Structures are given as structure tokens and as C-alpha cells.
Amino acid sequence: MRLHRLTVTAFGPFAGSETVDFDALAAGGLFLLRGATGAGKTSVLDAVCFALYGETPGARRANRLRSDHADPKRLTSVELELTLGGRRLQVTRLPEQRRPKKVGSGTTVERAQTLLREWVLDTGDGTPGWRGISKSHQEAGEEIHRLIGMNREQFCQVVLLPQGDFARFLKADSEERGKLLRRLFDTERFQHVEAWLAEQRRGQEAAVQAGRRRLRDLASKAEQAAGPGAEPAAGWVPAEDDDGLAAGVLGWAAVLRSGAAEQLTVTEAALAGAGAAQRAAQERREAAEELAGRQRRHREALDRAERLAGFEPAATADRRRLAAAQEAVGVESALRLRESAAEALGRARQLERRHRELLAGSGAGGRDLAGADTAGLAEAELRLRAEVVRLEAARAEERRCAELAHEHGSLAQDRRAAEELAEEAEDWLAEFEGELGRLEQQHAEARSATARVEQLDGQRTELTGRLGAARERDGLRAEIAAAEPRAVALRTAALDAREHSLDLRDRRLSGMAAELAEQLRTGEACRVCGSPEHPAPAEAAPGGRVGAEDEERARRAQADAERVWTEADQALTALRVREATAAGAAGPDTTEALAQALAGLEDQHRGARHAAEALGRVEQEIARLSRDRTHRVDELQEAKERAAVLSDRLLALGTEQQTLTARVAAARGDAPSVADRAAALTRLTEAVAAAANSARARTEAAARLDEAEDELGKAAAAAGFPDPAAALSVLLPREERERLEARLERHRAETAAVRRELGLPELAEAAGRPPVDLPAVAAELGAATDRLGRSHAAHAAARERCGALAAIGRQLTGLAAELAPALDRYGRITRLAALTAGTAADNRLRMRLESYVLAARLEQVAAAASDRLVRMSGGRYTLVHSDDRGSGTKRSGLALRVVDAWTGTERDTATLSGGESFFASLSLALGLADVVTDEAGGMPLDTLFIDEGFGTLDEQALEEVMDVLDGLRERDRAVGIVSHVADLRSRIPAQLLVRKGRHGSTLALAGREDA
């Protein structure tokens, strides 16, 4: 990295725009930044850091970067030109700041801006110049970080070399020194390893404790299932969570299962005996119930026979009554006919009376006809109907009068519409010329917009393609970001599988002796040594013997894991190739910038297209306007002609309407209208017709009643009764006759059934035997059933106990087999977690994994620093790393010691004097810069800054330090020194002078004559 030019505007103490030409300033390798205290020497370094990272060193906030001396209208900005990775870049940053509003009073917030550009030989038109790369804060920051290879903390520590920090670093304890090293070397991943191991240990511990709790729970279930009389757990299950817990629980569970099996055998024998006794009692009860049932049937038959004998007189009377009623059945139909005729006559009389009352209430004409006889009503009906027919013609004329009135109004309205249409056509024709001129102007503008649309189409097609490629590039980057962790995880899994395979192979080789020892037999010669005696045969390892099948499975698992990893890595490579292709097609612009550009172009295209689309519409409107003019001229002529015709028609309608009105008035008389008079006559006619019909119906009903009386007398004589009254006295309804017949039939059937029941021999035999004692038999059966139930319950409980204990035994066996490898894993992960955390007994230095890595880095820094410290101190001092244990609970591994070659002693760095501390801290800074640079990927740092610290040196020490700094520029490296030391002004010809004034500071290149 080499700086070329820096321009600051309204930044820090600089009120205006100040430029630093680092190419001219660093031509000799060394240059000096000097100026009065508070002039702004450090602000130059702050500007470099802000341009690269958008932030300043330390805790200074970006919104305080603006100069208090600057003009409010001048925006704060920093522009830096530098070379990174062989590319010349220009970074321009503006922080968020307030500025005066362009319109009105007050201020507004100007948002932060970032612009990253690159110098190229061809900008597209064959000339060199700056080409924009990104306007995004995030994209520019990622690109700069990728090229530098260091974050802001590392850059400030390595490039700016703040001496105060390294003096504190030199004399700090291990904890404080570790904080700085942790920021510089990004050892967070080792913290994650420690945390992961601790989490794994906690997880394994929880799994083991859960397994032991499950063992205890299963033991409790076994004790509960075995019952109170089972073998106690004391003596079998250990009280503590030791390794014998599983074996003790398994042994005790076996004892419980054996006792439960014995109890099951006893209950099976008891169940068989109770079942036989219950069956015998059941057979005795069934025989007793059968005998009791026969005795009960015989008693019930006797009771029914006695009851039927008491019903015999009533049955005889019912038979006589039924016979008389059946003889009178022939008179029933004539009687019903007479009753129906009488009811019909009553209804006819009531209907006639109601219709005559309605006729009397219908008006004067109805009252006169209400008392007329049937012939008078019929004659009046005919006369009224003839009058209604005559009024129908008058009603037609009345309707014609209404139609003429409606037609007259409609024609008057049509004439007014024709007159209005003529006026509207005349007004439209008066405005025609002005509208035609406006449309012709729009037509010319639309033709111009059509040409603009064709130009924008080509630009839009190009931007659309680039935007699609940019989105594909962004999507592929997201896929790459998602695929990289999976590839890393698969690589880790492949390495774990390989390690597991090698571990099994080692275990198999180690266990081959035990495998051979299993084949030894007493008295048989050993196949290895030939001896028939085997005093100490080898035993299998605690983890179990590893066979060839286990080794082969592990080898296949390793091959599968490596294959999956290879496929994922190849897919990731393909994604990266596609991303590079898409990035080339998209160009340097971001997706957001392309989308914004395309959106702007779309707006222009949409506006131009909208204007161009008006061309057809305007042409259509011009054609329509011409057609409308012709139509309006025709419409005007037609409207005038129609108005004249309608006036003539209205005059003829008026004459016809007067004639018909006189004729209708004569026809309606006193009624409001002819229709009302016709309706009144129609209602009167209907009332007269209804009264006449009801009178005729009453006469016919009286005749039918006389006929029914004659038929009833004839039917009574034919049935043998002296008169109809005698027949009616014995006549019964059909339902009553059917009930009598059914009752008599039931009496006869029940009598026959009782006689059959009493004739059965088994019932007679049962009646002669003593009564049965059913409660005693039932009590005996109940006792036998209770005994059988208790036997069943005991047998079921014993069988359930055996099944439960067997299931618990299987669970215990599976859990013990599952818990064994978990205990082994728990032991291994616990030892490894304690080792990485520095708490294991065999970690004698109590050094954590991260501290171990940082100690290695500190050892590299000390070695690189000693190379320069030896030269600065005249060969006296060197720095060494110490991993001695700290006092108390402090960890070890990050201590620094200084070796004094003059005395041959090693002492603490805190004992160094002021000048010696400067030697050591500067050496540490330069050594740390080399190590961090190598760690970051070896990016060459062609520009360094050293901030203060030279005031503590004497002349000889200053010479030695300058020799070391001259050695830095031997590798084409520019070194800037920020100092007030007067001797440096004469030693370093290239100087950047920072002058402060009442209105802000300024920058200027100065030589020795300015000193």
C-alpha cells in the first residue's frame, strides 16, 4: 500500500481545502510531520484512516470531524489517492453533517457519501481516466478491506504506530496485553473452539446425568411393578452415581423377574380351582331356576282360569249386543245420507242469506234487488251484463284520450329537444377552428417524442442486461456465502471420519494380542511362541474389541465423507466461476446503482413513450373532429326539419283530443271515469249473480233432503224394524263393533291357552314338589363368583407384573448399552475441555487455547522486535517471550522479558528507562507491523507513520533509531515521523508543515530553510 495524494476540506482543524502530495513528500523515503501543539498533525493521519474505513482511530466520533472554522456552505470531505494491490484507487468520503437549506432558512442533514474510483487506461472512449467502482459504503469498505487485508484496528496499529499504546503494551500485564493481541490477530475462532468444547462437555454431562436419572427412574418403576413383597433394592443398587450403577440395577431387576414368575405359577393353580367351583355352583343355580319357573307358570295358569270364569257373564251380554248391532247395519247408509242432506240444506240457506245481505249493502240498486225471488235475480243479472258490455266501447275512447294527452306531451318534448340540438350544433361549429389548431400542435409534439423513444430503447436494453447480470452476481455471492460454511463443515466431517478410521485401525492393531489370546486353550501350544502354558493372556481394551468389519465401515464412512466434501467443493468452485462471469457482464457498478440508473431511464422512456403514444390519439382526434363537423352540419339541418314536422303533428292531435273528451264525459255520467262506472256495474252484476246461484242451490238441497227421508223409512222396514228410530237405538258405530269382536276373540283365545297350560305334565309334576330356595342358591353362586374374580385379579396382576418387569428389563439393558459409549465420550470431552480451558491438572501452565495461539504470535513479535532493538540499543537489549505462570489465578503465556547482554540478566520490561522504553516500544511496533502484515496475507506496506516518542532519546540513541528507520526505507518504503524534536528537522529534509491560525490550520511542504 502506497499513499499518493490526500485532500481534506473542512476537516478537523482545516477550515478550507488542503492537499498533501505524498509522492513528492516521500521521495527520499523519510518525511517529517511537524507543527505546533494542536495544529492538526494527528488530524492528517485521522483523515487517512477515515478515507479508508469511514472511521477515525480511537473513540473520536465521525460527526465531530467537521471543522468549527469552516464556511457553513462548505461540506466536509476527504479524498485519498493510493495504490493497493497494483491498482490505483481514489476514495472520497463525506460524513453525515448539517448544512444550510438551499431554499428558506434553517439547516438540513446531508447524508454520508462514499465514492470509490479506479484509474484505467480506457474509460470507454479510448482515453485514460477515473472509472467509478461503487457508491455504496458497504461495497467500498469490503473492497478496500479485501485489498488491504486488515481491519481498522490492525491498520491503525500497524501503519500509524501510535507509540503511547506500545509503551503501555510493553509494560502491561498478560490480561491487558492479550486484549491488544486479540484485536490484531483475530483469535476469536479459538475462543469459539473453547466455548464449543465447554458446551460439548456440558451437553455430554447432561446426557450422562439424564441416563443415570433414567436408570434410577426405571429402578423405581421396577420396584413399583414388583409390589411390596419383592426383593428390596438395598444391597443391589449402589447409593452413589458410580460405574456400578447399571450392573447393580440389572442384577436386581433379574431377581425381581424371577420372584414374579413364581408368583404367576401360584396364581394360575388358584385360578383353576376357583373356576371349577364356580361352574358347579352355576349348574346348581340353573336347575333351581328352571324348577322355580315351572312352579310359577302353574300358579299363574290357575290364576288366569279363575279370572276368565268371572268374565263369562259380561262376555255373553256382549255377544247378544253385537248380534243386534249387526242386524241394524243395513239402515246405517240411509241414515248417513239423510244427515248429509240436512247439513247441505243448512249450508245453502246460510250462503243465500249472506249473499242477499251483501247485495243489499252494495248500493241503491242492490237494496232494490235484495228481496227479489230467484227469477227476478236472474232477469236483473242479464240486464246488468248488457249495460257493462255497452260501457266497454266508452272505456276504449277514454284510454285513447289518455294516449293522446301522453303523445301530445312527448311530441312537445321532442320538439324542444330538436330545437336544443340545433342550438348545440351551432355552438359547436363556432368553436371548431380553435380546437383544430390545438390538435395540430399536439400532433407535432408527439412525432418528436416518437424519435426519442427509439433512442432510449437501445440504452434500456443494455442496462437491463447489466442489471440482470448484477442480480445474478449478487445472488451467486449469497449462494457462495451460504455454501462456504457447508463446505467447511463437510471438510471438518471428512477429517473427523478420517481420524475415526485411523483411530479404529490403531485400536484394532492394539487389540490383536487380545484377539489371539481369546483363541488360546490350556495345554495347547501358542501359535506365536509355541508354549503350552499361558500365564498372562492379553485382555481386550475397555472400549471393546475392534474387528475388521468395524474398520471397513469406518473406511467406507471416510470415503463417503470425502466424496461429499469433494462434491461440495466442486459446486462451490462452479458458483465462484459463475459469479466472476456475471460480475464481468455487470461491470463495476452495484446492483443498486444499475437499478437506479435503469429506473431513471425507465422514467424517461415512460415519459417519452407516453408522449409518443399521444400521436395516434391526436391523429384520431383530428379525424374525429373532421367527422364531427360533417355530422354537426347534417344534424343542424335535420333538427330544423324535425321541429317543423312535430309542430304540424301537435296541431292535429289537439283537434282529435277535443272530440273524444266530449263523448267520454257523456258516457261516465256521475262517476270519476268510465272505467270506475264499469267497475261499479261489474261488482253489482257479480253480487246479483251470486245471490241468484245461492237461491237455486237452497231449492236443490231441500229437494235432496226429502228424498233421503223416504230412503231411510224403506231401509228400516227392510231390516225388520218397525220404524227408523228402533233401528237407530241398537245401531253401533263400526269401531265399537270391531272392539267388541276383538274383545270376545281375546277371551276365547286366552281361555283355550289356559286349558292347554294346565294340561302340561311337567307343570303338574313341578307343582307337586316343594318350593325352591333361590336366595340360598344365588348366595352360593355369588361366593364362588367372588372367589373366581379374586383369583382372576391375582393372576392378571401377576401376569402384568411379569410383563412390566420384562419390559423394564429390556429398557434397562438397552439403556445400559446406550450409556456406556456416552460415559466414554463424556470422559474424553471433559479432559479435552479442561485442557483447552487451562484448568486441567496436566496443563501445568494453566494456559488457555487462545492464550497458547497468542503466545505463539507474541513470540514471533518478540523475535522480529529484537532484530531492531539490538541495533537501536547498541547490541545490549533483546526481547524474549516468557510462558511462566502468573501469580494467583492469573493465566500464563503472554509475558515479555528484556535480556540485558551487558549483565547477562533477564528482567521485567517495566524496569526500562524512558529512552530504553522508546527503543523497546518502537521495536515492538515495527515487529508487530511485520507479523500482522504476514498474517493479513503479506500485503506490502509502502507507507508507515510513527507518532511521537523521539524526545526521550539522546543524540547517540537518535542516530541508532535513524539507522533502523533508514533500513525500513531500503525496501522502497516511505516512513513519516510525527514529532516536535528539533534535531529531526535537520536530519529529515522532506517535511510537511502544519500551521495553525485563528481561522483554522493549513498544510505546506517545507525544507530545511523553513525550520
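Worth saying up front: this structure is predicted, and the values here are computed from it rather than measured.

Comments concerning the pattern of salt bridges
Should the charged atoms of two oppositely charged side chains come close, the side chains can pair.
Stage number 1. In this structure the tally under the stated criterion is 15 salt bridges.
Stage number 2. When the shortest N-O distance is used, the salt bridge between Arg88 and Glu81 registers 3.1 Å.
Stage number 3. For Glu81, a relative accessible area of 11% puts it in the buried group.
Stage number 4. Between Asp474 and Arg473 there is a salt bridge, with its nearest N and O atoms 3.3 Å apart.
Stage number 5. Exposure remark for Arg473: the relative accessible area of 4% places this residue in the buried category.
Stage number 6. Each of Arg87, Glu118, Arg131, Glu143 and Arg146 takes part in salt bridges that share partners, so that together they form one network.

Things to note about unusual backbone geometry
Residues apart from glycine generally show negative phi values, whereas peptide bonds are mostly found in trans.
Stage number 1. Unusually for a residue other than glycine, Ala10 sits at a positive phi of about 50 degrees.
Stage number 2. On the secondary structure map, Ala10 appears in strand β1 (residues 2-11).

Details of helix α3 (residues 137-148)
Stage number 1. The terminal C-alpha atoms of α3 lie 16 Å apart, and with 12 residues this matches the ideal 16 Å at 1.5 Å per residue to within 8%.
Stage number 2. Those residues of α3 lying buried are Ala140, Glu143, Ile144, Leu147 and Ile148. Seen from one end, α3 has its buried residues packed into an arc of 125 degrees, which puts them on one side. In α3, those exposed residues whose orientation departs by more than 90 degrees from the buried face are Gln138 and Arg146.
Stage number 3. If you follow the buried residues of α3, they end up packed against α2 (41-53), β4 (77-84), β5 (87-94), β8 (113-120) and β9 (129-134).

Describing empty space enclosed by the protein
Stage number 1. By the definition in use, this model includes 1 cavity of 30 Å³ or more.
Stage number 2. In terms of lining residues, the largest cavity is bounded by Arg2, Leu3, Phe22, Ala26, Phe31, Thr943 and Ala974.
Stage number 3. Its residues assigned to classes, the lining of the largest cavity comprises 5 nonpolar, 1 polar and 1 charged.

Considering the environment of Ala901
Stage number 1. Position of Ala901 among the secondary structure elements: in the loop between β11 (895-900) and β12 (905-908).
Stage number 2. The exposed category is assigned to Ala901, whose relative accessible area is 51%.
Stage number 3. Beyond its immediate stretch of four places on either side in the chain, Ala901 contacts Gly875 and Arg876.

What counts as what
Residues numbered from 1 in each chain as written. Predicted model: local features only at pLDDT ≥ 70, side-chain atom pairs only at ≥ 80, totals over all residues. Heavy atoms only, no water. Salt bridge = Lys/Arg side-chain N within 4 Å of Asp/Glu carboxyl O. Buried < 20%, exposed > 50% of the residue type's maximum accessible area, 1.4 Å probe, protein only. Helix = DSSP H or I, 4+ residues; strand = E, 2+ residues; numbered from the N terminus. Expected span 1.5 Å × (residues − 1). Arc of directions from axis to C-beta. Contact = heavy atoms within 4.5 Å. 1 Å grid on protein atoms, 1.4 Å probe; cavity = no way out; pocket = protein on both sides within 12 Å on 5 of 7 lines; lining within 4 Å. Points joined across faces, edges and corners; volume = space filled by probe spheres on them. Nonpolar A, V, L, I, M, F, W, Y, C, P; charged D, E, K, R; others polar.

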